[in-house]
Amino acid sequence: MKLLEGKTVLVTGASTGIGRAAAIGAAQHGADVAINYAHSDGPAQACVEAIQALGRKAIAVKGDVADPETAQAFVAKAVEALGKVDVMVSNAGICPFHSFLDMPVDVVERTFRVNLHGAYFMVQAAAQQMVKQGHGGAIVAVSSISALVGGEFQTHYTPTKAGVHSLMQSTAIALGKYGIRCNSVLPGTILTEINKDDLADAEKRKYMEERTPLGRLGMPEDLAGPIVFLASDMAAYVTGAALLVDGGMFVNLQ
Ligand SMILES: NC(=O)C1=CN([C@@H]2O[C@H](COP(=O)(O)OP(=O)(O)OC[C@H]3O[C@@H](n4cnc5c(N)ncnc54)[C@H](OP(=O)(O)O)[C@@H]3O)[C@@H](O)[C@H]2O)C=CC1
Ligand SMILES: C[C@H](O)[C@@H]1OC(=O)[C@H](O)[C@@H]1O
């Protein structure tokens, strides 16, 4: 059963990792897809080709989500190429691990701007278009288990993920009257580029695996199903919700 037949889905940060898996997952469920990315031209093009190989339309639009104009341009180009916006998956993010006491100001500001300001303006631009179209829509933001728990080397990152979770709660209220649903997924530790260096430490990786009741770290594809579900009419009465996708890590106190 295809859950997104006839829908147009926009995904930010979809050259690699969770965004790429979400974009391809949406195409497997019948959607045309526009992806945003910042630097990785080759992987972004490869993602577009993977979607086209599934028989769906796809475009890649390069742009830094930290710049509010990127959001307006992404939505405009998606509408020009694919006709409309039904779903926005706000996923782009960075996590430059760093200790707290000597945290450089520019690392904090960049992380806030990409992860939180970027999500805010992408969600706003998509919602403006959905309201103009007049037939509702769905927004799924990629927050994190880190919205709920802390990290010693993530003091600049975890507040952005809590912020994204909170943004979905408030936009669910602001946009419900337009039939636009807003939800977040909260991934646990998923093996992607963002944590390749961090998890190169074999001891840390083993510790993270052992903390996960399902016995393994996540793969980007583990997020595709939950994101497609929240984007689809199967979740027609779900808004303002947050779905942990963490192999059980959050509940594993001892
Ligand atoms: N991996 C994990 O364990 C977890 C990840 N997350 C969240 O998942 C999201 C995706 O990360 P993940 O897939 O893991 O990591 P990746 O590094 O694989 O993917 C990050 C994506 O975001 C894009 N991106 C980065 N900065 C910008 C920017 N300024 N403007 C536009 N696009 C940008 C990258 O594009 P490019 O390469 O072109 O720069 C890339 O496509 C993030 O929001 C992260 O916080 C949440 C919980 C756990
Ligand atoms: C990048 C980290 O490995 C990852 O990011 C998150 O949001 C998770 O909490 C993990 O710490």
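All of these numbers come straight from a predicted model, not from anything done at the bench.

Engineer: Help me understand the nonpolar core, please; the structure alone is not making it clear to me.
Structural biologist: Core analysis: the largest hydrophobic core is formed by 33 residues, its most contacted members being Val-9, Ala-23, Val-33, Ile-35, Ile-51, Val-185 and Ile-227. Going through the elements one at a time, strand 1 (8-11), helix 1 (17-28), strand 2 (32-37), helix 2 (41-52), strand 4 (87-90), strand 5 (137-142) and helix 7 (221-231) are the ones with two or more residues in this core. With sequence-adjacent residues up to four places away left out, Val-185 is seen in contact with Val-140, Ala-141, Val-142, Ser-143, Ser-144, Leu-223, Pro-226, Ile-227, Leu-230, Leu-243 and Val-245. Grouped together as the second largest cluster of nonpolar side chains are 30 residues, Leu-10, Leu-82, Val-85 and Val-164 included.

Engineer: I keep staring at the site of ligand 2 and nothing clicks. Help me out?
Structural biologist: Close contacts around ligand 2 come from Cys-95, Phe-97, Ser-144, Ile-145, Ser-146, Gln-154, Tyr-157, Gly-188, Thr-189, Ile-194 and Asn-195, and that covers them all. One of the side-chain N or O atoms of Ser-144 is found 2.5 Å from an oxygen atom in ligand 2. For ligand 2, whose accessible area on its own is 290 Å², the fraction buried by protein is 90%. Broken down by class, the residue content of the shell around ligand 2 amounts to five nonpolar, six polar and no charged.

Engineer: In this structure, what is going on with the site of ligand 1? I would like to understand it.
Structural biologist: Taken together, 33 residues sit near ligand 1, with His-39, Ser-40, Asn-91, Tyr-157 and Thr-192 positioned nearest. Between ligand 1 and the protein, one listed contact pairs an oxygen atom with a backbone N or O atom of Asn-91 at 2.7 Å. For ligand 1, the protein covers 93% of the area, taking 880 Å² as the surface of the free molecule. Every element with two or more residues in the shell around ligand 1 is listed here: helix 1, strand 2 and helix 4 (105-133). Here the residues of the shell around ligand 1 are counted per class, giving 13 nonpolar, 16 polar and four charged.

Engineer: What should I look at first to understand the pairing of strand 4 in this one?
Structural biologist: As a general feature of sheets, a regular strand has side chains that alternate between the two faces. In strand 4, alternate side chains face the same way, and those of Val-87 and Val-89 on one face and Met-88 and Ser-90 on the other are all buried. In this structure, strand 4 lies alongside strand 5, joined through four bridges in parallel fashion. In the sheet register, Met-88 faces strand 5, and the bridge partner there is Ile-139.

Engineer: So what exactly am I meant to see when it comes to the packing of helix 1 against helix 2 here?
Structural biologist: Packed helix pairs are specified by the crossing angle of their axes together with the interaxial distance, meaning the distance between the axes. Helix 2 packs onto helix 1 with a crossing angle of 15° between their chain directions and a minimal axis gap of 9 Å. If you check the angle between helix 1 and helix 2, you find them roughly parallel. The way helix 1 lies across helix 2 gives a crossing that is right-handed. Where helix 1 abuts helix 2, its residues Arg-20, Ala-23, Ile-24 and Ala-27 lie against Ala-46, Cys-47, Ala-50 and Ile-51.

Engineer: Got a minute to help me understand the UniProt feature "domain: Ketoreductase" (unreviewed entry) in the chain in this structure?
Structural biologist: According to UniProt, the "domain: Ketoreductase" (unreviewed entry) feature falls on residues 7-181. Helix makes up 49% of residues 7-181 and strand 15%, and the two end C-alpha atoms of the span are 15 Å apart.

Engineer: So what exactly am I meant to see when it comes to the pattern of salt bridges here?
Structural biologist: Side chains that carry opposite charge are capable of pairing whenever their charged atoms lie near each other. Tallying each qualifying case throughout the model produces 10 salt bridges. Notably, a salt bridge pairs Lys-84 with Asp-86, separated by 2.6 Å at the nearest N-O pair. Arg-216 is the partner of Asp-222 in a salt bridge, and the nearest nitrogen-oxygen pair spans 2.8 Å. Using a relative accessible area of 28% as the deciding quantity, one classes Asp-222 as partly exposed.

How each quantity is defined
- Residues numbered from 1 in each chain as written.
- Chains lettered and ligands numbered in written order.
- Predicted model: local features only at pLDDT ≥ 70, side-chain atom pairs only at ≥ 80, totals over all residues.
- Heavy atoms only, no water.
- Core = buried A, V, L, I, M, F, W, Y, C linked by side-chain atoms within 4.5 Å.
- Buried < 20%, exposed > 50% of the residue type's maximum accessible area, 1.4 Å probe, protein only.
- Helix = DSSP H or I, 4+ residues; strand = E, 2+ residues; numbered from the N terminus.
- Contact = heavy atoms within 4.5 Å.
- Near = heavy atom within 4 Å.
- Polar contact = N/O pair within 3.5 Å; in protein donor to acceptor, adjacent residues only side chain to side chain.
- Areas by Shrake-Rupley, 256 points an atom, 1.4 Å probe, with all protein chains shown as cover.
- Nonpolar A, V, L, I, M, F, W, Y, C, P; charged D, E, K, R; others polar.
- Pairing = 2+ DSSP bridges.
- Axes fitted to C-alpha atoms, helices over the stretch in contact; angles between N-to-C directions.
- Parallel < 35°, antiparallel > 145°, perpendicular 65-115°, else oblique.
- Left-handed = near helix turned anticlockwise from the far one by under 90°.
- UniProt positions renumbered as here; feature names shortened; annotations may be inferred.
- Salt bridge = Lys/Arg side-chain N within 4 Å of Asp/Glu carboxyl O.

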